[in-house]
Structures are given as C-alpha cells and as structure tokens.
Amino acid sequence: MTALTSPPREPTSPRRAAVRRGDRVFRGLTLAAGVFTLIVLAAIAIFLIVKALPALRADTKGFLTTREWLPDASPSVFGIAALAFGTLLSSALALVIAVPIAIGVALYTTDYAPRRIATVLGYVTDMLAAVPSVIYGLWGLYFLIPHLVPVQSFLARTFGWIPLFADPDNRTSVASRSIFAAAVVLAVMILPIISAISREVLAQVPTTSREAALALGATRWEMIRTAVLPPSRPGLISAVMLGLGRALGETIAVALVLAASFDVNWRVLTPGGNSIAANIATKFGESGNTGREALIASGLVLFAITLIVNLAARAVIYRSGAMERSAAV
Amino acid sequence: MTLTAPTPTPDPPASGGQPAAAHSSRLTAAHVGRLPMLAAMLAAVGGTALVFVVTPLAGTAEFVLVSLMLAVVAGTALSWRVEGRRRAVDRLATTAATACLLAALTPLVGVIGYTVYRGAARLSLSFLTHSMAGVGPLDAGGGVYHGIIGTLEQVLIASLLSVPLGLLVAIYITEYGHGRLATAIRFFVDVMTGIPSIVAGLFVFAFWVLELHRGFSGLAAALSLSILMLPVVVRSSEEMIKLVPGSLREASYALGVPRWRTILSIVLPTASTGITTGVMLAVARVTGETAPLLLTAFGNDFLHLNPLRGGQSALPLLVFQQAGSAYDVAIARAWAGALTLITIVVLLYVAARMLTRRNTLARR
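Residues numbered from 1 in each chain as written. Chains lettered and ligands numbered in written order. Predicted model: local features only at pLDDT ≥ 70, side-chain atom pairs only at ≥ 80, totals over all residues. Heavy atoms only, no water.

**Digging into the domain arrangement of chain B**
Residues and elements named next belong to chain B.
Here is step 1 of the chain: If you check the domain split of chain B, you get domain 1 (36-119) and domain 2 (128-363).
Here is step 2 of the chain: For domain 1 versus domain 2, the separation of C-alpha centres amounts to 42 Å.
Here is step 3 of the chain: Across the boundary between the two partners, domain 1 contributes six residues, which contact six residues of domain 2.
Here is step 4 of the chain: Both sides of the domain 1 and domain 2 interface together cover about 570 Å² of buried area, and 82% of this is carbon and sulfur.
Here is step 5 of the chain: When residues of domain 1 are sorted by the area they lose upon contact with domain 2, Thr115, Arg118 and Gly119 head the list and together hold 69% of the total.
Here is step 6 of the chain: Counting across the interface, domain 1 meets domain 2 through zero salt bridges.
Here is step 7 of the chain: Tallied by class, the residues present in the side of domain 1 that touches domain 2 amount to three nonpolar, two polar and one charged. (Domains from an automatic or database assignment. Contact = heavy atoms within 4.5 Å. Buried area = accessible area lost by both parts, 1.4 Å probe. Salt bridge = Lys/Arg side-chain N within 4 Å of Asp/Glu carboxyl O. Nonpolar A, V, L, I, M, F, W, Y, C, P; charged D, E, K, R; others polar.)

**Observations concerning the interface of chain A and chain B**
Here is step 1 of the chain: Contacts between the two partners involve 96 residues from chain A and, on the opposite side, 97 residues from chain B.
Here is step 2 of the chain: Carbon and sulfur atoms make up 75% of the surface buried where chain A meets chain B, a total of about 9,100 Å² over both sides.
Here is step 3 of the chain: Our enumeration of links across chain A and chain B arrives at three salt bridges.
Here is step 4 of the chain: Across the pair Glu222 of chain A and Arg86 of chain B runs a salt bridge, and its minimum N-O distance is 2.8 Å.
Here is step 5 of the chain: Taken together, the links from chain A to chain B amount to twelve residue pairs in polar contact (both at pLDDT 80 or more).
Here is step 6 of the chain: When residues in the side of chain A that touches chain B are grouped by element, the largest group, 23 residues, is from helix 2 (residues 14-58) of chain A. (Polar contact = N/O pair within 3.5 Å; in protein donor to acceptor, adjacent residues only side chain to side chain. Helix = DSSP H or I, 4+ residues; strand = E, 2+ residues; numbered from the N terminus.)

**Side note on unusual backbone geometry**
Most of the time, phi is negative for any residue but glycine, and the peptide bond is trans.
Residues and elements named next belong to chain B.
Here is step 1 of the chain: Of note, His213 is a non-glycine position whose phi angle comes to about 55°, a positive value.
Here is step 2 of the chain: Along the chain, His213 turns up in the loop between helix 8 (197-211) and helix 9 (218-243).
Here is step 3 of the chain: For Phe298, which is not glycine, the phi dihedral falls at a positive 70°.
Here is step 4 of the chain: Among the structural elements, Phe298 can be located in the loop between helix 12 (291-296) and helix 13 (315-323).

**Thoughts on the packing of helix 5 (residues 133-147) of chain A against helix 4 (residues 85-120) of chain B**
Angle between the axes and distance between the axes are the two parameters that describe a pair of packed helices.
Here is step 1 of the chain: Following both chains from N to C, one finds helix 5 of chain A and helix 4 of chain B inclined at 80°, their axes separated by 10 Å at the closest point. As summarised for this structure, helix 5 of chain A and helix 4 of chain B are arranged roughly perpendicular, according to the angle between their axes. Facing Ile135, Tyr136, Trp139, Tyr142 and Phe143 of chain A of helix 5 of chain A, the residues of helix 4 of chain B in contact are Pro107, Leu108, Gly110, Val111, Tyr114, Thr115 and Arg118 of chain B.
Here is step 2 of the chain: For the contact of helix 5 of chain A with helix 4 of chain B, the residue count by class is nine nonpolar, two polar and one charged. (Axes fitted to C-alpha atoms, helices over the stretch in contact; angles between N-to-C directions. Parallel < 35°, antiparallel > 145°, perpendicular 65-115°, else oblique.)

**A few points about the confidence of the model for chain B**
Residue and element names in this part refer to chain B.
Here is step 1 of the chain: Per-residue confidence for chain B gives a mean pLDDT of 83; residues scoring 70 or more make up 88%.
Here is step 2 of the chain: Mean pLDDT in chain B bottoms out at helix 1 (residues 19-31), which sits at 44, and peaks at helix 6 (residues 145-176), which reaches 94.
Here is step 3 of the chain: Quick note on the complex model: pTM equals 0.87, ipTM equals 0.87. (pLDDT = per-residue confidence, 0-100.)

**Quick word on the environment of Leu53 of chain A**
Here is step 1 of the chain: Considering the arrangement of structural elements, one finds Leu53 of chain A in helix 2.
Here is step 2 of the chain: Put simply, Leu53 of chain A and Ile296 of chain A are 243 residues apart on the chain and 9.2 Å apart in space, counted from C-alpha to C-alpha.

**Description of the layout of surface pockets**
Here is step 1 of the chain: Of the pockets and cavities examined, the second largest pocket occupies roughly 1,700 Å³.
Here is step 2 of the chain: Taken together, 38 residues line the second largest pocket, and the ones lying closest to its centre are Val151 of chain A together with Ala61, Leu65, Met69 and Ala103 of chain B.
Here is step 3 of the chain: Listing elements by their share of the lining of the second largest pocket, those giving two or more residues are helix 3 (81-112), helix 5, helix 6 (149-159) and helix 7 (179-203) of chain A together with helix 3 (60-83) and helix 4 of chain B.
Here is step 4 of the chain: At ten residues, helix 4 of chain B tops the list of elements feeding residues into the lining of the second largest pocket.
Here is step 5 of the chain: Among the residues forming the lining of the second largest pocket, the class breakdown is 30 nonpolar, six polar and two charged. (1 Å grid on protein atoms, 1.4 Å probe; cavity = no way out; pocket = protein on both sides within 12 Å on 5 of 7 lines; lining within 4 Å. Points joined across faces, edges and corners; volume = space filled by probe spheres on them.)

Written as structure tokens, this is what we have:
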C-alpha cells in the first residue's frame, strides 16, 4: 500500500520547493510527536527511579524481603514482600476465575450466537469494560462481600484441607475482606477485557477453516477444538496476559475491598491481604516525604512487573502475527 | 456467521468409521426431538427435590443450582445414550458456552443494577448542585457539584493535550514511518496502554509535584489522565486512518495536492467519525479513573475553579473518599456519586457507539 500511495517525484520549481518544505515541516512535527511519546515512557521510568532512591537509601531493612510498611518511622522500615505477595496471589486467583469464563463468552459470541445477538453482546461487554473501577470497588465492598459469605464458608468447609482454603479460626462465617473477595472483583473487572480481545482473536480464524471442519463432519465443538482454537492460541495467551496486567495494576477496587494489612496470608478466604497499587492509594494521603518516596519505590516495582507482563504479551502477538492489533485493548 | 452455523441437529456422517454411532444417530434425527430432553430436565428438577428432602441441603438458590447441574448431567447422559459420544460432548460444550455467558453477564449487569438501586435513593437535584463545603462527617447534606466541575476541567485539559499529540503520532505511524523507529513507537505505544493508572499518577507526582514543585492541581491530574489517554487515541486513530482507501490519497496526489495537505484535508476528514469515536471511548475511560487523581488532584471540599493551582476535587475521587467513610450518610453520597459517574460514562459510550453506526453506514 505504501508503494502505491507515495506521491510522485516532481521536478524542482519554486512551488514544488514550498510543497516540499510543507511536507518536511509536517513530517518533522509528526516525528517529534512520536519521539515525544517514547521520551514520556522513558521519563516515567527515570523519574520513578530517581525519586525512589532516597527512600530506598533510608530503608534500614531489605526492601524486597520486609513485610512492614513504616517508612516515616525512625528508623525507617519498609518492604514490598507482603504487598507483592498479595498483588500476585489476588491477580493469579482472578485469572483462574476469569479466563475460562471469558474465553467461553468469546466462543459464544463468535461461534454460537446469531450475528445480531453477538453484536449486541459485544457492545455490552465492551461497555462493561468502561465501568469505572471505583464502582466495582463500591459494589465489591457493600454488595459482594456480604453475599460471598455462603460461598466462602462452603469452600472452607468442603476444601478446607487445601491450605489455600484453610480456615482454622472459623473466620469465614461472617463477611470477610479477603484476598478471595478481591480476586472475585478483579475477575469481574478483567473479564470484559479478556473476552473482548479473545473475541477478536477468534474472529480472525477464516470462515473457510470453520466451514471445512464442518464439511468433514465435525460437530460444532469438534470444529472449535480442531479449527478455531489451535490457530488462536498465541492471541488467547496474550489476551490472558493483558488481563493479568490489568489485574496487577488495579488500584481503587482492591483498595476498597481489602483492609490494609501487611502479612503474607496464604489463606485466601480469611480477612487480610493487600496489594502494591492499593497500598499506594490508601497510604498516600497520610504519608510524609520519606513515606511518599517509599510509595514511589513500590510503584516502580509494580511498573516493572506490569511492563514485563505487557512486553511478553506484545511479543507473543508480534511474533505470531496471528492477530492484527486492535483498538479493543 | 450465519453461513457457518450448522443446523440444530446436523446429521453426522451416515456410514463413517463408527457404525454403532451411525445407527443410533439415525434414530436421533428422527426421534430425539424436544420431548425427551424436556423429560430429562423435569427428571433433574424432580431428582433435586428428592435430594433436598433427604439431605440437609436447603434454599432457593441452592435448589436452582443443583437442579441445573443435574439437568446438564441428565441431558448429557440422554444424548450420549441416544446420539453417541460426539453429539453429547457437543451439546455439553454448547451448554458450557451459554453458562459462561450467563456467569459473565450476571455480575456485570448486577454491578450496574445495584449502583442504580443504591444511587437513586440519594440522588437529587441538590446533590448535583452543591459542593461538600461546610458539610460535617455526620451531615446528610452536600453534593458533588465541585467534583463534576473538577472532572470536566481535568478531562477537557487531558483531551486537549492528548488528542492532537495522539493524532500526530498516529499520522507518523501510518503515513510516514516505515523504519525501525516507527516500529519502536508502535510497540511502545502498545506497551503504554498497559501502564497501571496509579503508575501514571505516581509519575506526575514525582515529576510535576516533587521535581518541579508545582503542587497538587487539576492540571497535574489532567497530565496523568493524558498519559492514559494518549495510547488509546493513537491506536484508535491509527486503525481508522488505515481504513481510508488508498485511491482517495492517489486522487489527491494526482491533483497536485502535497502530501501533508492530503493528510489534513482528505485523510483526516474521511476518518474523522471513527477518530471521534475513539476519542470518546478514551474520554469515557479516563473520566472514571480514580487512582491517579489521588496523587495529583488530591481533592478539595470546595468548588475550586482554577485548574492550575491548588487541590481540586473530581467525581471518581469524591466517590472513593466517601466510600471509605464509616458513616452511612457518606456511603449514601458515594453511591449517588457513583450513579452520576456511571451515567456520564455510559452516555459517552452510547454516543460513541451511535457514531460508529453512522461511520459504518458512511463507509458502505
């Protein structure tokens, strides 16, 4: 396409020179804008590092292994261990809940629903991705947590022998601001994103492949299993990773659902848990200078984690070339 | 998709590799209508009733859940018996996909429904026209007027910053950039979409507030929002510019119009509907952003019109702050604010979608 649309080369004349100048200026302008975005991205990394350093120097214990968060105390003691643990555990749990459902929804819209219903479903799921996170947080705190009591006590009773679901002090019979509740809210929040991207990935599989499978006598499920899912795999993996990135960085919903605590709590049904992002939101207002720099340091870790996840997801997409980039992400 | 959808019960290969299955499935097409399935469902409900009588299980929700599970088991078993394994698995997959859809839509619709239910109880005209000035922690009055104004200012400034910049970047990527630099910009714009909003807020706090000593302000909030908007604007504009047919550009070149004027007066106007949709979706997304505002706008109980200096409130920020309170009056305000916010976002979204519809019509 680019070869076709290049303007023809012209012999030099005063008017042509003006045209060339206009083109050069405009091209320079767009180039500057492009480079500027790269600079912004670099500046984010640089300023987070620079502003985090004083706090990291003031920290009297290991930043990566300490659980407490008392940066403004003297001596200053803070670390990311409990926060990073809570972030990773809640996001992983959210993925476990959301991914099968999201891919099921995507399959339903591409391969089961009639076209008109599929379009409407697409609009609805996309719109739900736009619901602000503070509203998911409100809903999680005041609706979900009380209504989750039967579910969590059922899980504790039935699967209590699994350490993850253990509840030795019987704390699941009342509303509990637990990692599990946070994970459910996160799952609801990342579901639209994962299913929107998955839908686009699945729709990329050519109709002819589907028809060929059906013509060979495959049932619809066999068609999906043999003709639709295999070529979509890289795209689906990156959809999941982009969802993971969202879950890791989600702030407000987690901050509302969890009560800030600084312990490494494996028992996901019992109260407790925190996340890096939520800790920034809850602690920022009450922090002093060192405290805020310490929060920047924790934000740097979050930035690094999400950057790695996103780079990996993009690399999968770019490598496979299975999916055209879409505006849905 | 209608092309590929198989008929409800398509005939499997009549005499393929599975003679036994083929035999039973010939029965299928003729005899397994709706009735046996309905019978299986009824049997499942009856079975559940029996289970509930003899075991300590109780409750309406549990009853529905257990009978649904039993119905799936019974339906699959019947299908397996009569139609064979392949058809049974296929039916199970259909049920699973439908169940996923319901499992996804229930909480999502529930969030909006519950917000409307709780918010409508408190929402009033005076809520929208009063600020929190002089409202004590236990007072029932007050409103979100100052937050609405703050959000409008912040989102407007963020759009003014990120839309022109984003358009230029999109033009560079689609029209000019071919080399390694363009690929890098594309890639990092993609990566930028994944930056957590709190990190954007932290960056503006570190840069604008700590390094440049500008203090908390609506402008700082707008800066962080524009970081979040920029990649969304670039990507949607890029998609739309790519859709503009090459023949339009060529026609313009043939008339001797220089490239930059072709882009500005042919390509962008052609893509404008789609670009506007993208911008509106980006606006809808950042309107609800809360996390970066905590670190940049910081909040204020009063109406603060000047975005350049001093803490400013915003609608989502206000909702978050009220939600964290221990008092019922504040929580009621949080829900009413949430309803206001969700209404604005949904209206923006619907408007954007209606533009899309016009867009596709124009293109056909």
